[in-house]
Amino acid sequence: MSFKLTIQGLFTALMIAVGLPASAQIAPLSEPLSVDNALNEAVEADTEEAAQTTASLDPMEQSEGTPTLTKADVDDWLDGYMPYAIRKADIVGAVVTIVKDGEILTSRGFGYSDLESKTPVDGYGTMFRPGSISKLFTWISVMQLVEQGKIDLDEDINTYLDFKIPDAFGEPITMRNLMTHTPGFQERLKNLIIGDPELNMSLEEFLKASPPPSRIFPPGVTPAYSNYGTALAGYIVQRLSGETFDAYVERHIFEPLGMERATFRQPLPAEFEPFMSNGYKSASDGEAQYYEIIPMAPAGSLAASGESMGRFMIGLLKQDTALMKPETWREMYETIYQLSPPLNAMALGFWQLDKGDLRIRGHGGDTEFFHSDLNVLIDKNVGVYVSVNSAGEGSGVLRFALTTDFVLRYFPEAAAPVGPRLETAKEHGALVVGEYESSRTVATNFAAIMRILGQEKIAMDENGDLLLPLFGVETRWREVEPYVWRNTNGLERLTAVLKDDGSLDYVTFEPVSPIIHLSRAPWYRSLSLMTPLLAGAIGALFVTLVLWPVRAVVRGRYGKSFALTGQDAMAHRVVRLGVVFVFAFLLAWVMAFQTLFTNLTGLGPGFDTQLRATQFTQILLYAGFAIAVWNLVVVWRGAQSWFAKLWSLVLLASIGIVIWFAAANGLLSLEMSY
């Protein structure tokens, strides 16, 4: 999700004030999950070949001369597409694997696995980190145990655990909830990624090290993508099978599929080190990064070669009976948990990624440095996997554009025309316009500030089309069915779901509709309201603080004495000390966010100490407010000027606004489980 520069600017200004480096400025924890056609356009401009693949979304225009999916054709297409694309996205290296009819059609490497030594990516042999695509292995493992009668998808998961998930909302969490990302957990950040192998912990140690994340939605109601939920499922597999999770996957998935160069084990086993690609922030940065340790291993620790991922896709497409029975495969693919029709939804563990009448199942995946997508066209016996080894400036754009353009090139029937705008567009659009927060969020601790920093604004143009950015680029959505909008330059759809009384419940859009809902931000967390008020409050407090020594210097320069005496003089000075307290509170949080947003691997024991110290600075904030109240009483009881009396109100209101901002965004929480 995109972060809002206005609020970010306030924190950045405070960072500058204390001399923090630019690297401390707030940056998003993850990339937005939507498509940007800017990359496609750039690729089109670069080569005629790429232009032919994405020139139109109208199947009537693409029906003639549709390329045949052969190794020669797809290799030529990738040669015209990928080299420019990774340069444009500032990415060091990438792998693209295509399977068809039970064989690996091609597995191509682009760029470098080691930039310093200029080692090229080997499309078959180089190992990348597929991130959350790892979850598919976890869900297959779960369904194998369902077949054996060891797991009931609708049983309380506490039945299978040796610790308890606390009760909430009067309903238990089931394995089905975990597989559809509807257990209701808020996001878990602590130890999401570890950079130091010495700090590695087992799956069991991680899950028992701190309380489960708070449940903020009733189970089965709201999709809120959950790494923690997947980790729980993997731990249940481990307990019920009697094998460690990584050993279970090796024996029951890797071996039957012939995935010889794949592992969940951490740190990376020595036998795989020669084949492992480095991870990078970007090609322009050029510095090889650490091997990311994922304590919630079932959610994202896989390392695998292009060939191994190709063999995995072949297994998915042939519905390999060495893994599961045909009816179990059908259950995973065809059980659609539809909350927001007609948009794509969650299947059992798989994302539904249908394009037109093409049935597609798959998953995306992100670590800090590797970014991947896997799509299998289950009725065409075709699969495509792409992974890049750098965040760069457009890794999400590249991988989504590639999979979309691949489908449009070889299966143009997926590209249905956008269609005419409904007459109800303006009426229905007016209901949707506003500021929204993601259901994948944090609500009960300091990281709740992500809710406001990640707010998205939906606007409407003069024609009644909605405006919602995708990958930071303004995108227009046209209403083509009642309360269903279509990206005017793509295949994605957006829908608004209403409550029984006709009011808006939530909005969601493809491709994130299976795992995220957007709910309207409450007025007291509205970015458009909070930004000017907080900016004004900080400005007033800053002016008060700066003018204190300035006025003293001016009085000294002109030989003027301080006009106030007694309690009035004391209040004048002490209230400025209260302002210092407020800034101390804010700066302490800025420094905490420097750690949070700069490097997720910093969220370990050392950060806990910093966090606890930062939380206790709220005492200073309350003290500053109390001093401002006392100052107001003194000023208004005395004989000071009307301006002084007015400014005492401004100071009190300004500190009150800071308290409001802090309370609404989790900065007054003492919770240490994050």
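Details of the structure are given in the entry above.
All values derive from a computational prediction rather than experimental measurement.

S.K.: Would you mind showing me how to read the overall build of the protein chain here?
M.R.: A count of helical and extended segments in the protein chain gives 21 helices and 18 strands. Residue burial in the protein chain is summarised as follows: out of 674 residues, 57% are buried. Counting contacts in the protein chain only where the partners sit at least 6 residues apart, residues at least 24 apart contribute 71% of the total. Summed over its atoms, the accessible surface of the protein chain is roughly 26100 Å², and 55% of this surface lies on carbon and sulfur atoms.

S.K.: What is the right way to look at the sheet that holds strand β3 (residues 119–120) in this model?
M.R.: Strands pair in a sheet through their backbones, by hydrogen bonds, and they do so in one of two ways: parallel or antiparallel. The seven strands lie next to each other as β3-β2-β1-β10-β9-β8-β7, forming an open sheet whose pairing is antiparallel. Both outer strands of the open sheet, β3 and β7 (351–352), are each paired with one neighbouring strand and no more. Relative to strand β10 (residues 382–388), strand β9 (residues 371–377) is paired through seven bridges, and the arrangement is antiparallel. Bridging across to β10, asparagine 375 finds its partner in valine 384. Strands in contact with helix α5 (residues 71–88) are β1 (93–100) and β2 (103–114); relative to β2, the strand with the most contacts, it is inclined by about 20 degrees. Its contacts with the sheet place helix α12 (residues 306–318) against β1, β2, β9 and β10, and it is angled at close to 30 degrees to β9.

S.K.: Would you mind going over the pattern of salt bridges with me for this structure?
M.R.: Pairs may arise between side chains of opposite charge once their charged atoms sit close together. With the rule as written, the count across this model stands at 26 salt bridges. Between aspartate 366 and arginine 399 there is a salt bridge whose closest N-O contact spans 2.8 Å. One end of the pair, aspartate 366, is in strand β8 (residues 360–366); the other, arginine 399, is in helix α14 (residues 395–410), with 33 residues separating them in the sequence. A residue is classified by how much of its surface remains accessible, and arginine 399, at 5% relative accessible area, is buried. Each of Lys71, Asp75, Asp79 and Arg108 takes part in one network of salt bridges that share partners.

S.K.: Quick question: what am I supposed to make of unusual backbone geometry here?
M.R.: Peptide bonds are trans in most cases, and residues, glycine excluded, mostly fall at negative phi. The residue after glutamine 266, namely proline 267, is reached through a cis peptide bond having omega -10 degrees. Relative to the elements of secondary structure, proline 267 occurs in the loop between β5 (262–263) and α11 (297–300). The omega torsion across glutamate 510 and proline 511 is 10 degrees, close enough to zero to call that bond cis. Assignment of secondary structure puts proline 511 in the loop between β17 (504–509) and β18 (518–520).

S.K.: Mind showing me how you'd approach the environment of isoleucine 193 here?
M.R.: Within the fold, isoleucine 193 resides in the loop between α7 (175–179) and α8 (203–209). A C-alpha to C-alpha distance of 8.2 Å links isoleucine 193 and threonine 367, two positions 174 residues apart in sequence.

S.K.: Just to check I follow, could you spell out the packing of aromatic side chains for this structure?
M.R.: For any two aromatic rings, the description comes down to two numbers: the centre-to-centre distance and the angle of the planes. Considering all chains together, one arrives at 26 aromatic pairs under this definition. Between tryptophan 77 and phenylalanine 406, the aromatic rings sit 6.3 Å apart at their centres with planes inclined by 50 degrees, giving tilted as the arrangement. Remark: phenylalanine 406 occurs in helix α14 and tryptophan 77 occurs in helix α5; sequence separation between them is 329 residues. For phenylalanine 406, a relative accessible area of 0% corresponds to the buried category. Connected via pairs of aromatic rings, a cluster forms that spans Phe137, Phe245, Phe254, Phe264 and Phe312. Sitting above the plane of the tyrosine 112 ring, lysine 118 keeps its charged end 5.8 Å from the centroid. Its guanidinium or amino end placed over the ring of tyrosine 291, arginine 129 lies 4.2 Å from that ring's centre, counting from NZ or CZ.

S.K.: Where do I start with the layout of surface pockets in this structure?
M.R.: Where empty space is left can be seen by rolling a probe of water-molecule size over the atoms. The calculated volume of the second largest pocket comes to roughly 550 Å³. Surrounding the second largest pocket, 24 residues form its lining, Arg551, His572, Arg576, Phe643 and Ala644 being those nearest its centre. Those elements giving two or more residues to the lining of the second largest pocket turn out to be α17 (527–558), α18 (566–598), α20 (618–637) and α21 (642–664). Take the lining of the second largest pocket: its biggest share by element is seven residues, from α17. The class makeup of the residues in the lining of the second largest pocket is 13 nonpolar, seven polar and four charged.

S.K.: I'm lost on α5 in this one. Help?
M.R.: Because each turn of an α-helix spans 3.6 residues, side chains separated by three or four positions end up pointing in the same direction. A rise of 1.5 Å per residue sets the reference length of α5, with its 18 residues, at 26 Å; its end C-alpha atoms lie 25 Å apart and thus fit the reference within 8%. In the structure, α5 departs most strongly from a straight axis at leucine 78, where the bend amounts to approximately 30 degrees. Turning to α5, its buried residues are Val74, Asp75, Trp77, Leu78, Gly80, Tyr81, Met82, Ala85 and Ile86. Of the residues trailing α5, aspartate 90 is marked for its positive phi of about 60 degrees.

S.K.: I would appreciate a short explanation of the environment of serine 438 in the present structure.
M.R.: Its location among the elements puts serine 438 in strand β11 (residues 434–438). At a separation of 3.0 Å, a polar atom in the side chain of serine 438 contacts the main-chain amide nitrogen of arginine 440.

S.K.: Explain a nonpolar patch on the surface to me, please; I cannot follow it from the model alone.
M.R.: Together, Phe542, Val543, Val546, Leu547, Val550, Val554 and Tyr558 make up an exposed nonpolar region whose accessible area comes to about 620 Å². Note that tyrosine 558 resides in helix α17.

S.K.: Would you explain the side chain of glutamine 266 in this entry?
M.R.: Within the element layout of this structure, glutamine 266 appears in the loop between β5 and α11. Reaching out from glutamine 266, the side chain makes a polar contact with the backbone nitrogen of isoleucine 294 at a distance of 2.5 Å. Once residues lying within four places of it in the same chain are set aside, the contact partners of glutamine 266 are Arg129, Asn200, Glu292, Ile293, Ile294, Ala297 and Ser301.

S.K.: Quick question: what am I supposed to make of the pairing of β11 here?
M.R.: The side chains of a regular strand alternate between both faces of the sheet. The buried fraction of β11 is high, at five of five residues. In the sheet, β11 pairs with β18 via three bridges, with the strands oriented antiparallel. Its bridge partner lying in β18, glutamate 437 is registered against serine 519.

S.K.: Please explain the environment of alanine 231 as it appears in this structure.
M.R.: In this structure, alanine 231 sits in helix α9 (residues 227–241). A residue is classified by how much of its surface remains accessible, and alanine 231, at 0% relative accessible area, is buried.

S.K.: It is not clear to me how helix α13 (residues 326–334) should be interpreted in this structure. Could you clarify?
M.R.: Listed as buried for α13 are Thr328, Trp329, Met332 and Tyr333. Buried residues of α13, viewed axially, fall in a sector of 130 degrees; they line one side. Looking at the buried side of α13, the elements it contacts are α6 (134–147), α7, α12 and β8.

S.K.: Please clarify how the side chain of threonine 174 should be interpreted in this entry.
M.R.: As for its position among the elements, threonine 174 is in the loop between α6 and α7. Its relative accessible area of 11% is what places threonine 174 among the buried residues. Contact partners of threonine 174, with chain neighbours within four places excluded, come to Leu153, Asp154, Glu155 and Ile157.

S.K.: What should I look at first to understand the pairing of strand β15 (residues 484–487) in this one?
M.R.: Burial of the side chains of β15 extends over both faces: Val484 and Arg486 are buried on one face and Trp485 and Asn487 on the other. For strand β14 (residues 476–481) and β15, the ladder comprises four bridges, and the chain directions are antiparallel. Residue pairing in the sheet places glutamate 481 in a bridge with valine 484 of β15. Where β14 folds back onto β15 in an antiparallel hairpin, the turn is made up of two residues, including tyrosine 483, whose phi is positive at roughly 65 degrees.

S.K.: Even after reading the chapter, I still don't get the nonpolar core, so can you show me in this structure?
M.R.: Grouped burial of nonpolar side chains is what soluble globular proteins tend to show. In this structure, Leu232, Phe312 and Leu374 are the most contacted members of the largest nonpolar core, which totals 76 residues. Residues within four places of phenylalanine 312 in sequence aside, it is in contact with Leu136, Phe137, Ile140, Leu257, Met259 and Leu374. Ranked by size, the runner-up nonpolar core spans 51 residues in total, among them Phe411, Leu466, Leu468 and Phe509.

About the cut-offs
- Residues numbered from 1 in each chain as written.
- Predicted model: local features only at pLDDT ≥ 70, side-chain atom pairs only at ≥ 80, totals over all residues.
- Heavy atoms only, no water.
- Helix = DSSP H or I, 4+ residues; strand = E, 2+ residues; numbered from the N terminus.
- Buried < 20%, exposed > 50% of the residue type's maximum accessible area, 1.4 Å probe, protein only.
- Contact = heavy atoms within 4.5 Å.
- Areas by Shrake-Rupley, 256 points an atom, 1.4 Å probe, with all protein chains shown as cover.
- Pairing = 2+ DSSP bridges.
- Axes fitted to C-alpha atoms, helices over the stretch in contact; angles between N-to-C directions.
- Salt bridge = Lys/Arg side-chain N within 4 Å of Asp/Glu carboxyl O.
- Phe/Tyr/Trp six-rings, centres within 6.5 Å; stacked < 30°, edge-to-face > 60°.
- Lys NZ or Arg CZ within 6 Å of the ring centre and 35° of its normal.
- 1 Å grid on protein atoms, 1.4 Å probe; cavity = no way out; pocket = protein on both sides within 12 Å on 5 of 7 lines; lining within 4 Å.
- Points joined across faces, edges and corners; volume = space filled by probe spheres on them.
- Nonpolar A, V, L, I, M, F, W, Y, C, P; charged D, E, K, R; others polar.
- Expected span 1.5 Å × (residues − 1).
- Bend = angle between axes of the 7 residues up to and from the residue.
- Polar contact = N/O pair within 3.5 Å; in protein donor to acceptor, adjacent residues only side chain to side chain.
- Patch = residues over 30% accessible without salt bridge, like charges linked within 9 Å, V, L, I, M, F, W, Y side chains within 5 Å.
- Arc of directions from axis to C-beta.
- Core = buried A, V, L, I, M, F, W, Y, C linked by side-chain atoms within 4.5 Å.

By themselves these figures say nothing about function.
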